[in-house]
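Okay, here's what each chain looks like letter by letter:
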Amino acid sequence: MIATSLPRRTAFRLLQRATMALALLAPAPLLAAESAPVTSARVTATLLSSRDAVAPGERFQVALTQKLAPGWHSYWQNPGDSGEATKIDWTLPEGVSAGAIQWPTPKAIRVEPLVNFGFEDHVLLPVEISVPANAKPGETLTLSAKATWLVCEKICIPEEGAFTLDLPIAATGAIDAAAQARIDDAIAALPKPAGFTAKLTAKGEDKLALTLSGLPAGASDVRFFPVLDTLIEHAAEQPLANGALTLARSTAFKVGTPTTEGVLIFAEGGAKRALALSAEVEPALLQAVAAPEQAPAKVTLPPPPAEDLTLLLALVFAFAGGLILNLMPCVLPVLFIKALGFAQVAQASRGEVRRQGLLFLAGVLATFFVLASLVIALGAGWGFQLQSPPLVILLAVLMTLIGFNLIGAFEIGGRLQGVGDGLASRGGPVGAFMTGALAVVVATPCTAPFMGAAMGYALTQPPAAALSIFMALALGFAAPVVALSFAPGLLRLLPKPGRWMIILKQAFAFPMFATAIWLVWVATMQAGADGALAALVAILVAGFALWLIGVTRGSGRGLRAVAAAAALLLVGAASAFVIESATPSARPTAQAGTDAPGVWSPARVAELQAQGKPVFVNFTAAWCITCLANDRVALSRQEVKDAFAKLGVAYLKADWTNRNAEIAATLAEYGRAGVPLYLVYPGSKGAQAEVLPQLLTPETVVSAAQRAAGKEVKTATAR
Amino acid sequence: MTDVTRKLFITGLAAIALGLGSSVAFAQSAAKPGAKAPDFSVVDVDGKLQKLSDYAGKTVILEWTNHDCPYVRKHYNSATMQTLQKDMAKDGIVWLSVISSPAGEQGHVDAAKAKELTRTRDAAPASILLDPKSQLARAYGAQTTPHMYIIDAKGTLAYAGAIDDKPSSSASSLTGAKSYVRQAVAELKAGKAVSEPATKAYGCVVKYAPVS
């Protein structure tokens, strides 16, 4: 028989092919394109295959499907505040491999006050299967999966299911159209590659900024779902500003890779979009994790608590700070008299007033530009100009001379008109410009609180941003005078020029003298008795020199030249004397007293903390007006002293009157460019300091001390 | 500078500070390791007021629990939790279990039921705090059951997070799991800083009472 003459193997192969052909023609139910379901009252789950038969070497998709009862959800790869992601454990034949779950876009499921990331109603979790090239057609590919998932409504039930799919191996695969369509839909809905890389950077102590360079302009309802569960506080708001999301840093913050993944969802023109996003992590954030291994002292060091300011906010603060500077007692007279000058000129020409207003603005901007450039280029803190005794003395001389000029002791003519007559605005363009410059110079000692934050922020920024913050400050500073020059209506509110102007002008001399006294005191704090002597000699010589020039004004040319030469010589000699004698004294300038604060050093703080003592540190300087005000209204008050004594708080003073790199470094660490800075450390080793506001009240200080000493009885109920 | 102008100046600054300050709102966040642990005053199963400040000088462990949560059950059914509680008690550590589920939610129990659970499960907390308004949970930002907090003798929060490093409800996950609580306590005992002071807690969601 023919059949018997055929080798057995060939016959077998024929039979196989016939079976296969039949199998391909057979209706779907005969083929295992979807596993038997695993059902509970909450979930019906299956394993679905896009193929009825698979070919050697091909890749195809399967999916774990979950149909969820209303109100129930299963979880995304990062489950959010609680829960657990669905997992699939595969048991596969030799050579067959299964990829990772391709996670669909999650939904934020609120469980107030927390949030979960997961899926409701129905979800497909696609997985790619690779069939080896040496798979034998005719054999069966058995895919076994054990899946575990947590399903929660408010209560949570862990569930699991075992799924098996038997897929015939064939020379050419067979697509299950219905299953393929379902899986294709799921894959089409997966987050799309973003096409840009986001940047994740620290934003203050407890925030992160996720900069989204490729976010479409019209995007709204933007939300970021991180894959890593130790990145952000999931339930926090994610405000979008300037193309960056602000995220709350997780209390368990830890990121170990230089890039981190997530899904970004947003609405664009009514359509919902989801992008698979990769973000570059700022190296400092990685270090934040790497650190807590060794040296115990290092472990609890606070993360750099830079002021949490955006550029826009810093600009607003700077502008406000500039406005406030106008109220400083040393500045107000200069500006007020400028305004009076406007009132006089206004009667002649409004255009002239406007021109002078703009020149004043130019003077302010130019002076600020120079100062800011110096601060940025030198990396010096704001107020650095007051750390040099000769500069302090120069300012004291300037204040005194302005004072004498106001009181009418002498007129300053000629080229110095910007200082003198220019104040009454008869000095023309140079005068107006110089008034602006002068106003800035006399204002620099007074660092208003908001400038502190803005400048601290400025100095952490690239030069361009830093400069624009200083310019915002300058604009704020010049705003009142410029506004006045453009609104003659306001000028009309002033009484008619007359005797009252002279009286007011004279009265304004006294704040200038007061400022001069204060500056002489600063010089004394810096350079001791020699500093005081140098300052007073400088004032004397300056006064005498001006008097010489004034008294010879009406005389002949020769006499005037001699007087000018003598004045110049005197000023030169005095300058040399000032620079020579007014050198910063090395001794600590902390004031003595019954409860004199100790001298600050980081080591001293650590030592006291180790002894279990809370520590209050006052970063101050003799030239810092805000610091002195705080001393007066809060720190030197008896109730504060009593509280410190009772709570065992150690009071340390970090005096920045003279240059001190260690203090500057600590200020920078707290995002400040200058003093004041008040820190309250709890009395436990390495515990983080609380930063107090720049304007103190006795209550603020006492309650912070109580917190640090752990004496505050705050009930959970009270919160 | 005249005193009047200074006062005016300071008043002006304060007014501006208030104006700016009130427009910037800061969200309250969870208790942070390294910072002072929020003090509390909560009634326990014996009707006694338990205050954190009462335990100054002692290490305190807070365990958020919900006896019906599968993750909590994993730790109690295997007696892992009870062993941990007993070991901590031996070290003089105060263990306070906290039940924050409000009435009608899973895990809510009255004092009698809570005591019975302790008896039947042979648990050994120093006390159980009843927090049906979820106020203590809010103060600490508790997210899951279990969620563990360790407060050192100085009242500083030394650890917040998971009980161990195996976020799973299956009993088999207990084998080889690293106990973050034991690690932190051992480090505190040795006078060292806690090497992993914050981890991501896992488990069932804490059932919060709505804010009244």
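These numbers come from a predicted model, not from an experiment.

Let us now look at the overall build of chain B. Summing up its helical and strand segments, chain B has six helices and nine strands in all. The burial tally for chain B puts 47% of its 212 residues in the buried class. If you take every contact in chain B between residues at least 6 apart in sequence, the share linking residues at least 24 apart comes to 76%.

Check the secondary structure of chain A and you find 21 helices and 25 strands. Out of the 719 residues in chain A, the part that is buried amounts to 45%. Across chain A, contacts joining residues at least 24 apart in sequence account for 75% of those joining residues at least 6 apart.

Residues and elements named next belong to chain A. A sheet is described by the order of its strands in space; here five strands give the open sequence S21-S23-S22-S24-S25, paired in mixed fashion. The open sheet has two free edges, formed respectively by strand S21 (598-599) and strand S25 (690-692), since each of these has just one partner strand. Taken together, the two bridges between S21 and strand S23 (residues 650-655) define a ladder with parallel strand orientation. Bridging across to S23, Val-599 finds its partner in Lys-653. Where helix H17 (residues 602-610) meets the sheet, it contacts S21, strand S22 (615-620), S23 and strand S24 (677-681), and its direction lies at approximately 160 degrees from that of S22. Contacting S22, S24 and S25, helix H21 (residues 698-709) runs over the sheet at an angle of about 175 degrees to S25.

This part is about the environment of Asp-91 of chain B. If you trace the backbone, Asp-91 of chain B turns up in the loop between helix H3 (80-90) and strand S4 (94-99). Placed 94 residues apart in sequence, Asp-91 of chain B and Val-185 of chain B show a C-alpha to C-alpha distance of 9.4 Å.

A separate point is the sheet that holds strand S20 (residues 271-281) of chain A. All names here are of chain A. Strand order across the open sheet formed by seven strands is S16-S19-S20-S14-S15-S18-S17, with mixed pairing between neighbours. Bordering the open sheet on either side are strand S16 (220-226) and strand S17 (240-241), each of which pairs with just one other strand. Bridge analysis of strand S14 (residues 192-203) against strand S15 (residues 207-211) gives five bridges, and the strand direction is antiparallel. Along S15, the bridge assignment pairs Lys-203 with Lys-207.

Our focus in this paragraph is unusual backbone geometry. Note: most residues except glycine have negative phi, and most peptide bonds are trans. Along the chain, Glu-112 of chain A connects to Pro-113 of chain A via a cis peptide bond; the corresponding omega equals 0 degrees. One can find Pro-113 of chain A in the loop between strand S8 (107-111) and strand S9 (114-120). For the bond running from Thr-145 of chain B to Pro-146 of chain B, omega is -5 degrees, close enough to zero to count as cis. Within the element layout of this structure, Pro-146 of chain B appears in the loop between strand S6 (144-145) and strand S7 (147-151). Of note, Asp-221 of chain A is a non-glycine position whose phi angle comes to about 50 degrees, a positive value.

What follows deals with the nonpolar core. Counting residues in hydrophobic clusters, the biggest one holds 127 residues, and the most contacted among them are Leu-210 of chain A together with Ile-61, Tyr-149, Ile-150, Tyr-159 and Val-181 of chain B. In terms of residues, this core owes the most to one element, strand S11 (residues 140-152) of chain A, which gives eight residues. Per-domain counts for this core show at least three residues from each of domain 1 (30-188) and domain 2 (192-288) of chain A. Dropping the residues within four chain positions of it, Tyr-159 of chain B is found in contact with Pro-33, Met-148, Tyr-149, Ile-150, Tyr-180, Ala-184, Val-194 and Pro-197 of chain B. The next biggest cluster of nonpolar side chains, apart from the first, holds 117 residues, and it includes Met-434, Leu-438, Ala-466 and Ala-478 of chain A.

Below, the discussion takes up the confidence of the model for chain B. Residue and element names in this part refer to chain B. Per-residue confidence for chain B gives a mean pLDDT of 84; residues scoring 70 or more make up 85%. By mean pLDDT, helix H1 (residues 3-23) is the weakest element of chain B at 40, and strand S3 (residues 60-64) is the strongest at 97. This stretch, residues 1-29, has a pLDDT under 50; its non-local contacts, to residues over four places away or in other chains, come to 32 contacts.

About the criteria used
Position labels on residues start from 1 in each chain and follow its written sequence. Chain labels run from A onward and ligand labels from 1 onward, assigned in the order the entries are written. At least 70 in pLDDT is required for a residue's local features to be given in this predicted model, at least 80 for side-chain atom pairs to be given and counted, and no such filter applies to totals for whole chains, interfaces and linings, which use all residues. Secondary structure is summarised from DSSP: a helix means a run of H or I of at least four residues, a strand means a run of E of at least two, and numbering begins at the N terminus for each. Residues with at least 20 other C-beta atoms within 10 Å of their own are called buried, those with 12 or fewer are called exposed, and the rest are partly exposed. The C-beta atoms themselves are positioned from the backbone. A residue pair is marked as a contact if its C-beta atoms, positioned from the backbone, fall within 7 Å. Any two strands with at least two DSSP bridges between them are considered paired. Structural elements are reduced to axes, namely lines fitted to C-alpha atoms, with helices fitted over the stretch in contact, and the angle between N-to-C directions of any two is expressed from 0 to 180 degrees. Each nonpolar core comprises buried Ala, Val, Leu, Ile, Met, Phe, Trp, Tyr and Cys residues, the members being joined through C-beta atoms within 7 Å. Segmentation into domains, and thus their bounds, comes from an automatic or database assignment. The predictor attaches a confidence to each residue, and that confidence, scored 0 to 100, is pLDDT.

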